[in-house]
Structures are given as C-alpha cells and as structure tokens.
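Chains, contacts and geometry: an overview
Each chain is listed here by its residues.
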Amino acid sequence: MLTWINEKAKWVIVIFAAGIVVGLLAMDRVPKTNQSYPVAIVNDHKVSYGEFDTRIKRIVQNQYKGQHLEDEQYSQLRSDVFRSFVRQIMMEGLYEDAELRASVAELKSEFKRNPDAVRGRLVQEAQSRLYAIQQQATSQEDLMQRSQAYIASLPKFLVDTTFNKAEFDAWLETPAAFQWGVMLQFEEELKNSTIPARQLQVLVGASVHPTALESKWNVDRRTTDYDIDVAYVATGDMDSVEVVVDSAMVKGYFNAHQDSFFVEKDQVRFDYVRIPVEATEGDDARIREYAMTLYYQLSDTSSAANFEDMARISSEDPGSAENGGVLEQEAGHGAFVEEFEKAALALDSGAISEPVKTRFGYHIIKSYGKSTDSTGAVSAKVGHILLVVNASSETVDSLEAILTAVKNDVEAGKSFADAAKEKNLPVEHSGWIGHGDNIGDIGYLKGLAAYAWPNENLSDDVGKASPVLKNNQWVVLAAKAQELKAGDRDVSVYYKEIENKLIRKKLVAAASAYLASKAEQVKAWTPAASTDSTAAATAPAEIEKVKIESKNTSVDGYVPGFGYGNASLAKVLQGQKEGEWGPVVETELGAVMVKVKGKKAAELSDLESAIKDDRDNALRFTSMTLFNQYVGDMEKATPVVNNLDLFYKD
C-alpha cells in the first residue's frame, strides 16, 4: 500500500490540493445568509446574488484566465463589479427618464464606423465555431471537410488578407449579418448603453458654447512668448526660520473652514495588536522532511515519479513550475544565490541533488548538462523544485490562540490595552480608515470591514473586538477606538493636512519677507557678461538666498518659483509694465519677483488655425467634463443598499 502511495503521490497531492482549493473558494463565495437578500438595491432595483456572481465568474474567466487571485484582489473585483451594477442601473434610469433611444440609422452608422470592433467579435465567434467542429469531428477527413465548408461560408471581408470596406458595408445590409450571436450582443450594447450615453452627453453639454473671442484670448495667452528675468526664494531655503504651529492654530483654522473638512465616507480608527507570521524551526524541519520524501521518490528507480511532472505539481517557483522546473538562465553566471550555484555545478548531467537550503526555501536540483566557454568558465543547464518554508497551520493556530485569548478577555470586560498588556503585546493605533482602505503597513485583512461596518441585516453580535484576522504576514486583533459617519466634521481627520498647510503658509510669508528685504539688490542686478550669450542669458545668479534667472517662456511654460502653467504667472505677465521689476508675489513654492523685458505674439496666420482648434477642443473637453461631473454627482446621489458583506467575508 505504501509503495502504491509513493508511486501515485503526485496524483494524490493534486486531488487533495484541488479539494482544498474548491473548499476554500466555497467558504468565500457561498453566501452565509439566505440568498433571498439582494446583493444590492439601487433606486429600488434589486441585484440578485445569482446575477452578481455570474458577472464575477465571467470576468475571472475572461480576464484572468485561470490565474490565482488573492483575497484582496477578489475583494477589489467585487467592489468594482458592485459599482458597475450601480452605474448601469442608474444610467438606464436616466435614459428612460430622458426617453433616449437608439434609432436604426444610428445603429447602422455605429456598425459602419467601427469595422475593427465588428471584425474582432466575428473572428472570436468563428474561432469558437471551428473549435466546436474540431470537437465534433469523427475523423480527420470529416474535420477538414466541415472546417473548409464553414470557412467558405464566412463573409469574404473576414477571410481576405486585405479588408474591403465596401464589402463590409454591403454585408451589414443583409439578414445574414444578424444571424451571428456577437452581432446581436453588440447591437444590444449599442442600443442600451453606447448610443444613449452619447445622446445624454449631448443633452448635458447643450449649454456649452465656447466663442471665437474666448478661444482667441486663450490662444493669445498661450502663444505669446515673454522674455523675462525672475528672482525667487524657495520655501525650502527658509530652513533657518522657526515655524511654530500648535493645536490651537490648527483648530482655529478648522473652525473657520469647517465646510471644507467634512468626512465624505464612514471612517474608523482602530487600536490593534499584531503578531508576525513566521516559520518556526519545526516548520523548517517539516518542509525539509517533505523535500527528502520527494527526493527519495525521484531517486528510486522503481518509482514512476518524474522530475518534470513533480516540478509542475509541487514546485512553488511560479516562474519555472509550468516549464517542468527548468530554469531559463544557466547556473554558474552568478544569477542564483551561492548555495544554489555550488550545488548545481557539482551535479553530473541527469543527476538530482538532495534538498539544498537557501533563503528562498529548499531546492531539489536536476542537471541537464554542463558546458565550458572560451574563458574556461563552467555553467550548467538546470531545473529545480522549490519548496518554500512557510509557517504551518499549527504555527498560525498557536498565534491565533494568543489573540483569541486577548479577544475573550476584552469581551469579558477588560480594556483592550489591559488585555493586550497581559500577553506582552504592544497596542498600536491606526489613522482614519475608510471602507476599502487598509491599516498602514499591515495590508489587506479579510473581515476587518465586516467588523467595522456590520450590515444591519446581520443578527450576530459584532463584539467589542474584531475576530482574529490574518494575511500572509500578520495575525491581527483590532478594536474600534473612534467612529465617524459620512458628513461628520472632526479636526483629527485633517489635523496633519491643516498643520502642513499652515506651516507652508508661514514659510511662504517668510520667503516673501526675505525677498522684499532684497528687492533693491534685485532691481540693481544685471546679467553677468559672458562670451557665451546663451550661458549669460540662462545661468542663475544668486543674491544670498535669492536666485535670479533669465527665461523665455509662455504662460504655460515652466518658470522658477511658479512651476508649470501657474495662474499667478499669467496675471503677472499680462498686467506688468515692460522693463520694470514687479512687486513680490507669493506662490505655492515661495516668493517671486518678475521683470518683463519683452514679448512676442504669434503670427496672425498661425493664430487663425490655433483659434479654430482651441474652440473645437474646448467644446469636446468641456462637454465631456460636464458629462462626467453630472454622472459622478448622480452616482453620489443615487440611493444604494450594499449587502456584499452578507455574502462575502470582506
């Protein structure tokens, strides 16, 4: 019996692993509560678990094609799909309210304008049909006959190497065009989404009327070149200035601008303890023992075990496992760690090593032969089976038991701090965390959001502390320290932002005062003489902390002290007398003085074309911006019930 198990071990491992994967997926994907609850309710429209899960599976199948998704990726995917349902239902309601419909003429025009999209879909359906013919064929001759007959029935524009647009347009007018499933799907997409969305955009943007006068002003402003001298002091050069911003100043600013600091979504601050998930000596010994078992199987001449098959099944190196463990680079060139290279080069061709320990885990190495180059350097083509030393379930269980004891104490009435102290665990404090955000450097924790924002339909008592949570690096226990609801105002959420703003304002004021004190020296400055006129015009000068440069620029160009396309720069350049230094101007970067020495407008012939382009671009951009803002505002205002946490353990 043991011999049979050894010989069939790889298949036993595969079946066992598949069972575990299916079980884990089922634990996450099957609703914990009755499926009569909808996943979402949007404007009184219910989204069932079935249709939500079907869309998830379709995306996983089409976009990820068998890739393993981590818990965080699944969580993000569910959030994205949830939002897609919200937006779809909301948009369909808007189309219905505005009585937006796609006409036959619009549909035909859309098909004709998008031949590449149509052909791409047709090719996919044709390939699927050919695959079905291959599966159904009774012989090679039957396959060839049926395949050739099917290809002959395809539209000519689909099989010709050169695309004929006229043939494509003519085909669209025939009933055969809409006997394709993908054409019917595309028609539904255009009818229910693409065309109504475009019609809605036209309605929303109907008030946009950029004038030629506005465009001329924009073009004049953008194409006029200015020859300037600029003197500037950066806030970063004010390091000698002592800036004091205390809590009273922060609170005062907050109280004076409360409407700018409301909380947009529910937020929580956590107290938490964490224990790193690290492998023990016992875990290392178990992995080595398993590696030796594989080695003995591979070394046993009576065993049916094959190195390449075993690598595909057992190796935890994703870069080589699919290739039977064979590595692209050869050992001997320094591409691998020293222990690995030494063991690999010691093997004869076809030989397999005992497990070799490196910082990556245990490697079972197979040599496919050595070679020597012209310098005498020896290298080897090798493959390996990598077994990573991770914390075992027993190790993780022991860590969870420690935090479970802390949780039990908290639920029994102890404070979170006291319960953690008894286990010698330091309590840490998170910043404000919103739904979908992670705690600092811990990363995603499955179940944290469900604890922090429990669904009202859940009858379970959430408890004073979270369940024991974990990811690949940490085992964590958290407790809510403070909560805020959307619309609340609290200075602690924005304390650091306000503090930095006040510090920056003080540094800008200090830079402004310093530049003002040097204004007369700036006005007396003249560029240094140089035989190289370019260097003389561009090399920065310096009066203590004041840097002075000569620039040729437009209002959209880069100017020291202003940055790119600064609105303050436009005002300074257009409102200042030529030949004189202007006053000190405060910017986000510090303080600046500008002297306009001359300016040059674009040629009239160039202006006319630029004005037309600007007007067209303004119409498109402004219309699109208004539409996106309109849709975004409608999405925020749409009543939505989110029941994801009834179905998934996020």
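Note that this is a predicted model, so its numbers are computed, not measured.

**A word on the overall build of the protein chain**
Each helix and strand in the protein chain was counted, giving 23 helices and 18 strands. Taking 26 Å as the expected radius of gyration for a compact globule of 650 residues, we find that the protein chain reaches 35 Å, considerably beyond that expectation. Principal axes of the C-alpha set define a box for the protein chain whose edges measure 100 × 80 × 75 Å. Burial analysis of the protein chain (650 residues in total) assigns 38% to the buried set. As displayed, the protein chain has an accessible area near 37200 Å², and 52% of this comes from carbon and sulfur atoms. Across the protein chain, the centroid of the 71 positively charged side chains sits 3 Å from that of the 96 negatively charged ones.

**Structural notes on the environment of Val182**
Inspection of the secondary structure puts Val182 in helix α10 (residues 181-204). For the pair Val182 and Glu125, spaced 57 residues apart in sequence, the C-alpha separation works out to 6.9 Å. When sequence neighbours within four positions are dropped, the list of residues in contact with Val182 reads Arg121, Leu122 and Glu125.

**Concerning unusual backbone geometry**
With the exception of glycine, most residues fall at negative phi, and the peptide bonds are largely trans. Unlike most non-glycine residues, Glu99 shows phi in positive territory, near 55 degrees. Secondary-structure assignment places Glu99 in the loop between α4 (71-97) and α5 (104-113). On the basis of relative accessible area, Glu99 is assigned to the exposed category, the value being 64%. Unusually for a residue other than glycine, Glu544 sits at a positive phi of about 55 degrees. Locating Glu544 in the fold gives a position in the loop between β12 (541-543) and β13 (546-553).

**Comments concerning the packing of helix α13 (residues 281-299) against helix α14 (residues 307-314)**
The interhelical angle for the contact between α13 and α14, taken along N-to-C directions, is 155 degrees, at an axis separation of 11 Å. Viewed along their axes, α13 and α14 adopt a mutual orientation that is roughly antiparallel. Considering only the axes of α13 and α14, their crossing is right-handed. Each of Tyr290, Leu294, Gln297 and Leu298 in α13 lies in contact with α14, whose residues at this interface are Phe307, Met310 and Ser314. Here the residues of the contact of α13 with α14 are counted per class, giving five nonpolar, two polar and no charged.

**What to know about the confidence of the model for the protein chain**
Confidence in the prediction for the protein chain averages 87 pLDDT; 92% of positions are at 70 or higher. Low pLDDT (under 50) marks residues 1-34, which in the prediction has 39 contacts with non-local residues, meaning those over four places away or in another chain. The model gives residues 533-538 a pLDDT under 50, and that stretch makes six contacts with residues more than four places away or in other chains.

**Section: the pattern of salt bridges**
On inspection of all chains with the given rule, the structure shows 34 salt bridges. Across the pair Asp169 and Lys165 runs a salt bridge, and its minimum N-O distance is 2.9 Å. A residue pair is termed a helical-turn pair when its members lie 3 or 4 positions apart in one helix, as Asp169 and Lys165 do in helix α9 (residues 165-172) at four residues. Its relative accessible area of 33% is what places Lys165 among the partly exposed residues. A salt bridge links Lys265 to Asp437, with the shortest nitrogen-to-oxygen separation between them at 3.7 Å. Residue Lys265 is located in the loop between α12 (247-256) and β4 (267-276), and its partner Asp437 is located in the loop between β9 (433-434) and α18 (448-452); the two are separated by 172 residues in the primary sequence.

**Focus: the sheet that holds strand β1 (residues 40-42)**
The strand order across the open sheet built from three strands is β2-β1-β18, with neighbouring strands paired in antiparallel fashion. With partners counted over all chains shown, the strands left at the sheet margins are β2 (45-47) and β18 (640-642), one partner each. Going from strand to strand, the sheet's axes swing by 15 degrees on average, the running direction of each strand aside. Sheet topology places β1 next to β18; three bridges connect them, and they run antiparallel. Residue Val42 lies in a different strand from β18, and its bridge partner there is Val640. The strands that α4 touches are β1, β2 and β18; relative to β18, the one it contacts most, it runs at about 160 degrees.

**Digging into helix α22 (residues 567-575)**
Listed in full, the buried residues belonging to α22 are Leu569, Ala570, Val572 and Leu573. One side of α22 holds all its buried residues, which, seen down the axis, span an arc of 165 degrees. For α22, the exposed residues set more than 90 degrees away from the buried face come down to Ala567, Lys571 and Gly575. Elements in contact with the buried residues of α22: α11 (212-223), β3 (225-234), β14 (558-559), β16 (585-586) and β17 (590-600). N-cap assignment for α22: the residue whose side-chain oxygen lies 2.7 Å from the backbone N of Ser568 is Asn566.

**Examining the packing of aromatic side chains**
Enumeration according to the criterion identifies 17 aromatic pairs in this entry. Measuring from ring centre to ring centre gives 5.1 Å for Phe336 and Phe340, while their planes differ by 45 degrees; the resulting arrangement is tilted. You can call Phe336 partly exposed: its relative accessible area is 22%. Following the ring pairs from residue to residue traces out a cluster consisting of Tyr49, Phe52, Phe85, Phe647 and Tyr648. Lying over the aromatic face of Phe85, Arg55 brings its terminal NZ or CZ to 3.7 Å of the ring centre. Geometry around Phe186 places Arg121 over its ring, the cationic atom sitting 4.1 Å from the centre.

Cut-offs applied
- Residues numbered from 1 in each chain as written.
- Predicted model: local features only at pLDDT ≥ 70, side-chain atom pairs only at ≥ 80, totals over all residues.
- Heavy atoms only, no water.
- Helix = DSSP H or I, 4+ residues; strand = E, 2+ residues; numbered from the N terminus.
- Rg over C-alpha atoms; globule rule 2.2 N^0.38 Å.
- Buried < 20%, exposed > 50% of the residue type's maximum accessible area, 1.4 Å probe, protein only.
- Areas by Shrake-Rupley, 256 points an atom, 1.4 Å probe, with all protein chains shown as cover.
- Lys, Arg positive; Asp, Glu negative; His and termini not counted.
- Charge placed at Lys NZ, Arg CZ, Asp CG, Glu CD.
- Contact = heavy atoms within 4.5 Å.
- Axes fitted to C-alpha atoms, helices over the stretch in contact; angles between N-to-C directions.
- Parallel < 35°, antiparallel > 145°, perpendicular 65-115°, else oblique.
- Left-handed = near helix turned anticlockwise from the far one by under 90°.
- Nonpolar A, V, L, I, M, F, W, Y, C, P; charged D, E, K, R; others polar.
- pLDDT = per-residue confidence, 0-100.
- Salt bridge = Lys/Arg side-chain N within 4 Å of Asp/Glu carboxyl O.
- Pairing = 2+ DSSP bridges.
- Arc of directions from axis to C-beta.
- Polar contact = N/O pair within 3.5 Å; in protein donor to acceptor, adjacent residues only side chain to side chain.
- Phe/Tyr/Trp six-rings, centres within 6.5 Å; stacked < 30°, edge-to-face > 60°.
- Lys NZ or Arg CZ within 6 Å of the ring centre and 35° of its normal.

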